[in-house]
Amino acid sequence: DNHGLILVNGRPLRDGMSGGFNNVIYTSFPIDVIDHIEIIRGPGSVLYGTNAYSGVINIITKRGTEDLSLSFSAQGGSFAFNQERAGLSGSAAALSFSANGEHTSTDGYRERSGYRSIGITTDLGWDSGGLITSSLSLSYEKLFFEMPGSLSKAEMEADPTQAKNNADEVNEQHVNIDLGITAGRDESSQLAMNLIYGLKFIQTDMISWLVYSDLALHTFGFTPKLTLAGEMFTTDNRFITGVDAYYDILNLDRFDEQARINKNLSFLVTKLALGFYLKDDLTVFDNLLLSAGARYDLALFKAETKLTAGTPIDDQKLHQAPVFDIGLVYGFGQRTRVYARYGTLFRYPFTDEQASLYGFPANAFYTDLEAEKGRNLEVGAEVGFAGLLTLKSNFFLLDMEDEIAWNSTNSRNENLDNTRHLGLEAGILFSPLDWLELSTDYTYTKTTFTQGDNKGKEVPMVPNHKISGLTAISLPAGLTVTFSGNYTGESFVGGDPDNSQEKLADYLLFDIFC
């Protein structure tokens, strides 16, 4: 999802490409390295910048354990699925360490839909008990997957496992390095700085289109952040300010043949993004929290043609995004609260959205493609009863401008007409026994165009109804059995803004995990 942001230990996992956004998390990120996951609902553009407007997921990884720990697990399934994981962690004096690896392989449900991945992560931490702590995180992922091609409805009904492309495939390698240094005895007064580097190399063989390409995306980041917390005018106050600086360098080379001897095209696209933000949380009374924040962000895209037999794409585009948010939370006792929030948000185009580099239908730099912008209002409540039952509900209204979508008619990314996302969510969590947990959630969303030729029509690919349910049973010896079900309602197909085509059918998915 290009509209949700994933963090690892509080730092955004950036990916400058639309097709690969958060791909490493969904594919080869070792799950055993995860300690817990935090979900931040709603827009987070002020603190986290681009892409953080439908929500933020913060993955907290495991640190080195006090004692040496070794783990291994394996699982298998249909279509030759197999997955193996191993982990090692420990500490010595001020140094802690952890290393985790994961291998996944499957032949896939369809013909030529095989997938293979290897992921390795390491984390080193140093904490002498003084003012300075540091960490170094390294990760490497290698992926291979086949591309069977899209099917028409008639082809799906005849044989949903068939492949349209007999040899298309992709090989990828990812490297990520994150050096963090933190000064401060605790979170009340803390300066944190991170130096980030990422490399993504993609080798694509689209034999069905006679396209052979090598893409290298380098990302450099520097993200200092200052946190000050304490008492102000006899009330608790927490102030955060920081800078996010990222620089992406994308090189794309295309060749005449799979052996990659004769190069026929070469592009260089860069993106410089800078963001300055501040946010303050003020406890007015014991049960009332007020928050306000603002951010100014800009991104400069530049494209340079290094080799082409066609039209050069040399051009540039500057985006600017001032955003803010305000909110309040009022609590009743320990388990009940109501809240309200209003703010603005944004998403920049990805590098390969701003520039079309794959020749479909032509190479181009789209100076008319604008950043997505929006305004969001959300109100909600959460009520708890004696730690056994929790009821929650919220209403949201999101007005969007210039949402980016693929137009299959002219084969390019374009800004949509303005849209409105109106929704209601409700959920129940029930824990009647120490070993039993039951939960269910319902979401209603109505997303429509508010201007243009399709005013009043529903935005494609957005179902009106979603329902999920979960039952978790804790067994002896640390075992847990989880039963879950998810219902997704029907929606209009992609590329059908006038709602004239047959809808995508609703579906129900069940999972059992032990």
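The structure under discussion appears in the preceding block.
Presented here is a report on the structure given in the accompanying data block. Owing to the predicted nature of the structure, the values given are computational and were not obtained by experimental measurement.

Considerations on the overall build of the protein chain
At step 1: Scanning the protein chain for helices and strands turns up 4 helices and 29 strands.
At step 2: Computed over C-alpha atoms, the radius of gyration of the protein chain comes to 24 Å, within 12% of the 24 Å expected from 2.2 N^0.38 for 514 residues, which places it in the range of a compact globule.
At step 3: Along the first, second and third principal axes, the C-alpha set of the protein chain runs to 70 × 60 × 50 Å.
At step 4: Within the protein chain, the fraction of its 514 residues that count as buried is 41%.
At step 5: Sequence separation of at least 24 residues holds for 58% of the intrachain contacts in the protein chain that already meet a minimum separation of 6.
At step 6: Roughly 26,300 Å² of accessible area belongs to the protein chain as shown, and the carbon and sulfur atoms make up 60% of that amount.

With respect to the nonpolar core
At step 1: Core analysis: the biggest nonpolar cluster contains 23 residues, and Leu215, Leu250, Val269, Ile313, Tyr348, Leu357 and Phe365 have the highest contact counts within it.
At step 2: Sorting the residues of this core by element identifies strand 12 (211-222), strand 14 (235-255), strand 15 (263-285), strand 16 (288-307) and strand 17 (315-332) as the ones contributing at least two each.
At step 3: A total of 4 residues in this core trace back to one element, the largest contributor, which is strand 15.
At step 4: Setting aside anything within four residues of it in sequence, one finds isoleucine 313 in contact with Phe267, Ala303, Thr305, Leu357, Asn363, Ala364 and Phe365.
At step 5: Grouped together as the second largest cluster of nonpolar side chains are 5 residues, Leu5, Leu7, Tyr48 and Ala52 included.

Section: the pairing of strand 22 (residues 389-401)
At step 1: Sheet analysis places strand 21 (residues 372-385) next to strand 22, joined by 13 bridges and oriented antiparallel. Paired with glycine 380 across the bridge in strand 22 is asparagine 394.
At step 2: What sits between strand 21 and strand 22 in their antiparallel hairpin is a turn of 3 residues, with alanine 386 showing a positive phi close to 55°.
At step 3: Pairing geometry for strand 22 and strand 25 (residues 419-433), over 12 bridges, is antiparallel. Opposite leucine 389, over in strand 25, you have phenylalanine 430 as the bridge partner.

Some thoughts on the sheet that holds strand 4 (residues 55-61)
Strand pairing within a sheet occurs via backbone hydrogen bonds; the two strands may be parallel or antiparallel.
At step 1: With mixed pairing, 4 strands are arranged side by side in an open sheet as 2-1-4-3. Both outer strands of the open sheet, strand 2 (11-12) and strand 3 (34-41), are each paired with one neighbouring strand and no more.
At step 2: Here strand 3 runs beside strand 4; their pairing, made up of 7 bridges, is antiparallel. Within strand 4, the residue paired with isoleucine 39 across the bridge is isoleucine 57.

A closer look at the pairing of strand 18 (residues 336-347)
At step 1: Pairing geometry for strand 17 and strand 18, over 8 bridges, is antiparallel. Within strand 18, the residue paired with valine 329 across the bridge is tyrosine 339.
At step 2: With 11 bridges joining them, strand 18 and strand 21 adopt antiparallel strand pairing. Bridge pairing in strand 21 places valine 338 opposite alanine 381.

Here we look at the environment of valine 383
At step 1: Along the chain, valine 383 turns up in strand 21.
At step 2: Given the relative accessible area of 27%, valine 383 is considered partly exposed.
At step 3: Valine 383 sits 48 residues away from arginine 335 along the chain, and the two C-alpha atoms are 6.1 Å apart.
At step 4: When near neighbours in sequence (up to four residues on either side) are disregarded, valine 383 contacts Arg335, Thr336, Leu389, Thr390 and Leu391.

Some words on the pattern of salt bridges
At step 1: Taken as a whole, this structure holds 24 salt bridges when the rule is applied.
At step 2: Where lysine 164 meets glutamate 155, a salt bridge forms, and the shortest distance between an N and an O atom there is 3.2 Å.
At step 3: Note that lysine 317 is salt-bridged to glutamate 370, the shortest N-O span being 2.8 Å. In this pair, lysine 317 is assigned in strand 17 and glutamate 370 in the loop between strand 20 (364-365) and strand 21, connecting sequence segments 53 residues apart.
At step 4: For glutamate 370, a relative accessible area of 30% translates into the label partly exposed.
At step 5: Ionic contacts of the salt-bridge type, sharing partners, join the residues Arg112, Glu146 and Glu169 into one network.

A look at unusual backbone geometry
At step 1: Despite not being glycine, leucine 210 has its phi angle at roughly 55°, a positive value.
At step 2: With respect to the helices, strands and loops of the structure, leucine 210 is situated in the loop between strand 11 (189-206) and strand 12.
At step 3: Look at serine 411: it is not a glycine, yet its phi comes out positive at around 55°.

Some points on the packing of aromatic side chains
At step 1: Overall, the coordinates contain 5 aromatic pairs when judged by the stated rule.
At step 2: Both rings, one in phenylalanine 79 and one in tyrosine 109, keep their centres 5.7 Å apart while their planes meet at 85°; by these two values the pair is edge-to-face. Separated by 30 residues along the polypeptide, phenylalanine 79 in the loop between strand 5 (69-77) and strand 6 (81-92) and tyrosine 109 in the loop between strand 7 (95-106) and strand 8 (115-127) bring together distant segments of the chain.
At step 3: Given a relative accessible area of 43%, phenylalanine 79 falls into the partly exposed group.
At step 4: Here tyrosine 109 falls in the partly exposed class, since its relative accessible area comes to 49%.
At step 5: Here arginine 412 stacks its cationic end above the ring of tyrosine 366, 3.9 Å away from the centre of that ring.

Some remarks on the environment of leucine 252
At step 1: Note that leucine 252 resides in strand 14.
At step 2: Take leucine 252: its relative accessible area is 0%, and that puts it in the buried class.
At step 3: Along the primary structure leucine 252 and tyrosine 358 are separated by 106 residues, whereas in three dimensions their C-alpha atoms are 9.0 Å apart.
At step 4: Apart from the residues within four sequence positions on either side, leucine 252 is in contact with Ser213, Asp214, Leu215, Leu265, Ser266, Phe267, Leu357 and Tyr358.

Description of the environment of serine 78
At step 1: Relative to the elements of secondary structure, serine 78 occurs in the loop between strand 5 and strand 6.
At step 2: Through-space distance from the C-alpha of serine 78 to that of glycine 108 is 8.7 Å; in sequence the pair is 30 residues apart.

Rules and cut-offs
Residues numbered from 1 in each chain as written. Predicted model: local features only at pLDDT ≥ 70, side-chain atom pairs only at ≥ 80, totals over all residues. Heavy atoms only, no water. Helix = DSSP H or I, 4+ residues; strand = E, 2+ residues; numbered from the N terminus. Rg over C-alpha atoms; globule rule 2.2 N^0.38 Å. Buried < 20%, exposed > 50% of the residue type's maximum accessible area, 1.4 Å probe, protein only. Contact = heavy atoms within 4.5 Å. Areas by Shrake-Rupley, 256 points an atom, 1.4 Å probe, with all protein chains shown as cover. Core = buried A, V, L, I, M, F, W, Y, C linked by side-chain atoms within 4.5 Å. Pairing = 2+ DSSP bridges. Salt bridge = Lys/Arg side-chain N within 4 Å of Asp/Glu carboxyl O. Phe/Tyr/Trp six-rings, centres within 6.5 Å; stacked < 30°, edge-to-face > 60°. Lys NZ or Arg CZ within 6 Å of the ring centre and 35° of its normal.

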